[in-house]
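# Summary of structural features
Each chain is listed here by its residues.
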Amino acid sequence: MGMSWGTHPWQPVNPTPPGDHVRSRRSAVTLVVLVIACGGSTRKEAPSGRLGEFTLATSHSLPTLVEARPATADPVIIDKFGAITVASNGVTALFSETTGETSVLLVGVDGGIQAKIRKPGQGPGEFVWPSAIFFADTTLYVFSNARSVAIRYDEHGHFLDETPLNVLSRGVAGVSGGLADAMAYDQRGFAKLMLAPIGPQPPRSFISSANAFVEGSAADRENPGSLASPPFVRSGRFGIVGNGWTYEIAVFDTSGAQIGVFGRRLPTQLLGPRALALRRASLEKGLSAPGQGPDNSQLVQRLDTIHRQHAPHFGRGGLGFDGKGRLWVVGTLGDSTFADVFADTTFLGRHVLPCAKSSGGASVSGSFLALRCLRDDDENYSVRLYQIVERR
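Going along each chain's sequence as written, the residues are numbered from 1 onward. Owing to the predicted nature of the model, reporting of local features is limited to residues with pLDDT of at least 70; listing and counting of side-chain atom pairs is limited to 80 or more, with chain, interface and lining totals taken over all residues. Side-chain measures were taken over the full set of non-hydrogen atoms in the model, leaving aside hydrogen atoms and water.

### So, the packing of aromatic side chains
To keep things clear, this is the line we draw: Within 6.5 Å between ring centres, the rings of Phe, Tyr and Trp (the latter by its six-membered ring) count as paired, and their orientation is classed by plane angle as stacked under 30 degrees, edge-to-face over 60, tilted in between. Accessibility here uses a 1.4 Å probe with only protein chains present; expressed as a share of the type maximum, an area under 20% marks a residue as buried, one over 50% as exposed, and anything in between as partly exposed. Here, a charge over a ring is recorded when the distance from Lys NZ or Arg CZ to the ring centre is within 6 Å and its angle to the ring normal is within 35 degrees.
Under the definition given, this model contains 9 aromatic pairs. Ring plane angle 55° and centroid distance 5.4 Å describe the contact between Phe342 and Phe347, whose orientation is recorded as tilted. The class of Phe342 is buried, set by a relative accessible area of 0%. Here a set of aromatic residues connected by ring pairs shows up, and it is made of Phe54, Phe238, Phe262, Phe342 and Phe347. Residue placement shows Arg264 over the ring face of Phe347; its charged tip is 3.9 Å from the ring centre. Its end group placed over the ring of Phe338, Arg350 keeps NZ or CZ at 3.9 Å from the ring centre.

### Looking at the pairing of strand E12 (residues 159-164)
Inclusion rule: Note on pairing: two strands pair once DSSP finds at least 2 bridges between them. Per the convention used, a helix needs a DSSP run of H or I reaching at least four residues, while a strand needs a run of E reaching at least two, with both numbered from the N terminus.
Pairing of strand E11 (residues 147-153) with E12 involves 5 bridges; the strand directions are antiparallel. Pairing of Val149 across the sheet is with Pro164, part of E12.

### A look at the sheet that holds strand E10 (residues 139-144)
Which entries qualify depends on this criterion: In this description, a line fitted to the C-alpha atoms serves as the axis of each element, helices being fitted only across the stretch in contact, and the angle between N-to-C directions of two axes falls anywhere from 0 to 180 degrees.
With antiparallel pairing, the 4 strands of this open sheet are ordered in space as E9-E10-E11-E12. Strands at the two margins of the open sheet, each flanked by one partner only, are strand E9 (130-136) and E12. For this sheet, the mean angle separating the axes of adjacent strands, direction not counted, is 20°. Direction of pairing for E10 relative to E11: antiparallel, over a ladder of 5 bridges.

As structure tokens, this is what we get:
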């Protein structure tokens, strides 16, 4: 398929001094983002292949980001949690394991915890070890490893209903239009994307395992032979799959046919200083763990070469559409977070945020962007909520 690239593709991502990449959250004011708009980047590139069909954006201007909570408000602090999802009204849902059990927390726009969903069991509205959570508008879907159902709650944590789901819940990657997007693997271990009706109907293959782009996106370049769920989002009649290693984005139509690829030409990046220190500490802990055998050469080799380890530009959860149909690509830049904005295939500009996040720690919906950020003073995480504001 053809490739379409944004303008000034080889321009440095951030022309500011390196020290400006990482800022303490204590110094953040209401507007805490650095905006980078490449000169002329709003000019529409001539699309290749069938990319001219990819038209979702109703606005072609770069919006600003404003922190939605007052600067004096205490951030929500969670010891450990995996997923994060934001509703179109700014309510954020996330996993919490602070007490040794997995719960789902609902955090209001003001930063307060407005509900905690913890209902262990096998009955209606109950779950054990939730595997995925997603907002569709303001309705929260919870999926559990132990039960093949889609459990729905309102934004206040009230149980609504549950519906059978004929796909493994741990593979669910999103919910849109009454369908669950699910990642599956065939007998050869090749990745494919399924569309599973939330109901008793069987799922259908959306993007087959024969698609080379999906295969490349699912491969973990730092761990050969390993597979991961590639970044994926669906809106309207299009499905979007991203390759965070190469910063390529493939567009698929309703039949699952690939209609084209676009992206940005960016230099390969390494782990940021803080991410590098955390990764090194994790490997050193593994080396000293009880029961570690004499043949630990692989761990030693990884420790010796970790400073040269490449990092993807973005990963799972790094793609999303706002209320204006613009595509947001959210990823890591050193120990900061970037948010690139596209109107269809046109690159509008980049925001750089003072947030060290990991894969899966971002969600976009309506006029809100939610991030899971590593705190400055420890290894815990907090939730940062930004409002997407249109320029006047």
